[in-house]
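Descriptive analysis of the structure
Letter by letter, the chains look like this.
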Amino acid sequence: MSLLFLQYPPCSTCKNAKKWLDAHNISYKARNIKEENPKEQELLEWIKKSGLPIKKFFNTSGNIYKEQNLKKAFPGMSEEEQIRLLATNGMLVKRPLIIGEDFVLTGFKEEEWLKNLIS
């Protein structure tokens, strides 16, 4: 299984997720989401593959999200505008992200990771 692990290394949740992957001997390619933020095309593919709404890909607890008051801006934004916005700054993207061949996991939820990565 070929996995892409998008993370922000100083993030405690990302650190825990990385430890979990390593403890379960799961190989992955790590990518720093701040240094190499996802492109629009990648986001489109991942959102489609995940089956999740675009909003689930936003880091709603992050400073940039709060500073830009995006909670109020969302109702007036098209999906294209939301994806374009996500592609402007990796810190807007929910992390960590695990991208597999046929799934995408947002955030670190151990039960979800076990189901998709171990079983």
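Quick caveat, the model's predicted, so the values are computed rather than measured.

**So, the overall build of the protein**
Each helix and strand counted, the protein has six helices and four strands in total. Each helix and strand of the protein, ordered N terminal to C terminal, gives the series β-α-β-α-α-α-α-β-β-α. Taking 119 residues into account, the globule formula puts the C-alpha radius of gyration at 14 Å, and the protein, at 14 Å, falls close to it. Its C-alpha atoms give the protein principal-axis dimensions of roughly 45 × 30 × 25 Å. Contacts spanning at least 24 positions in sequence make up 66% of the contacts within the protein whose residues lie at least 6 apart. About 7,000 Å² of surface is accessible on the protein, with carbon and sulfur atoms providing 47% of the total. Looking at the protein, you have 19 positive and 15 negative side-chain charges, and the mean spots of the two groups are 6 Å apart.

**Considering the sheet that holds strand E2 (residues 29-32)**
Taken together, four strands build an open sheet; the order of strands is E2-E1-E3-E4 and the sheet is mixed. Two strands lie at the open edges of the sheet, namely E2 and strand E4 (104-106), each paired on one side alone. Ignoring which end each strand starts from, the neighbouring axes of this sheet average 15° apart. Along the sheet, helix H1 (residues 12-23) contacts strand E1 (4-7) and strand E3 (97-99); its crossing angle with E1, the most-contacted strand, is approximately 155°.

**Digging into the packing of H1 against helix H6 (residues 110-118)**
Close contact between H1 and H6 brings their axes to 12 Å; oriented N to C, the two are set at 35°. Both H1 and H6 take part in a crossing whose hand is right-handed. Residue-level contacts link Ala17, Trp20 and Leu21 of H1 to Glu110, Trp113, Leu114, Leu117 and Ile118 of H6. Looking at the contact of H1 with H6 residue by residue, the class counts come to seven nonpolar, no polar and one charged.

**Focus on the nonpolar core**
Counting 25 residues, the largest nonpolar core has Trp46, Phe58, Leu86 and Leu97 as its most contacted members. Mapped onto this core, the elements with two or more residues apiece are E1, helix H2 (40-50), helix H5 (79-86) and E3. Dropping the residues within four chain positions of it, Leu97 is found in contact with Leu4, Phe5, Leu6, Trp46, Phe57, Val104, Leu105 and Thr106. One finds Trp20, Leu21, Ile98 and Trp113 within the second-largest nonpolar core, a separate group that totals 11 residues.

Quick notes on the rules
- Residues numbered from 1 in each chain as written.
- Predicted model: local features only at pLDDT ≥ 70, side-chain atom pairs only at ≥ 80, totals over all residues.
- Heavy atoms only, no water.
- Helix = DSSP H or I, 4+ residues; strand = E, 2+ residues; numbered from the N terminus.
- Rg over C-alpha atoms; globule rule 2.2 N^0.38 Å.
- Contact = heavy atoms within 4.5 Å.
- Areas by Shrake-Rupley, 256 points an atom, 1.4 Å probe, with all protein chains shown as cover.
- Lys, Arg positive; Asp, Glu negative; His and termini not counted.
- Charge placed at Lys NZ, Arg CZ, Asp CG, Glu CD.
- Pairing = 2+ DSSP bridges.
- Axes fitted to C-alpha atoms, helices over the stretch in contact; angles between N-to-C directions.
- Left-handed = near helix turned anticlockwise from the far one by under 90°.
- Nonpolar A, V, L, I, M, F, W, Y, C, P; charged D, E, K, R; others polar.
- Core = buried A, V, L, I, M, F, W, Y, C linked by side-chain atoms within 4.5 Å.
- Buried < 20%, exposed > 50% of the residue type's maximum accessible area, 1.4 Å probe, protein only.

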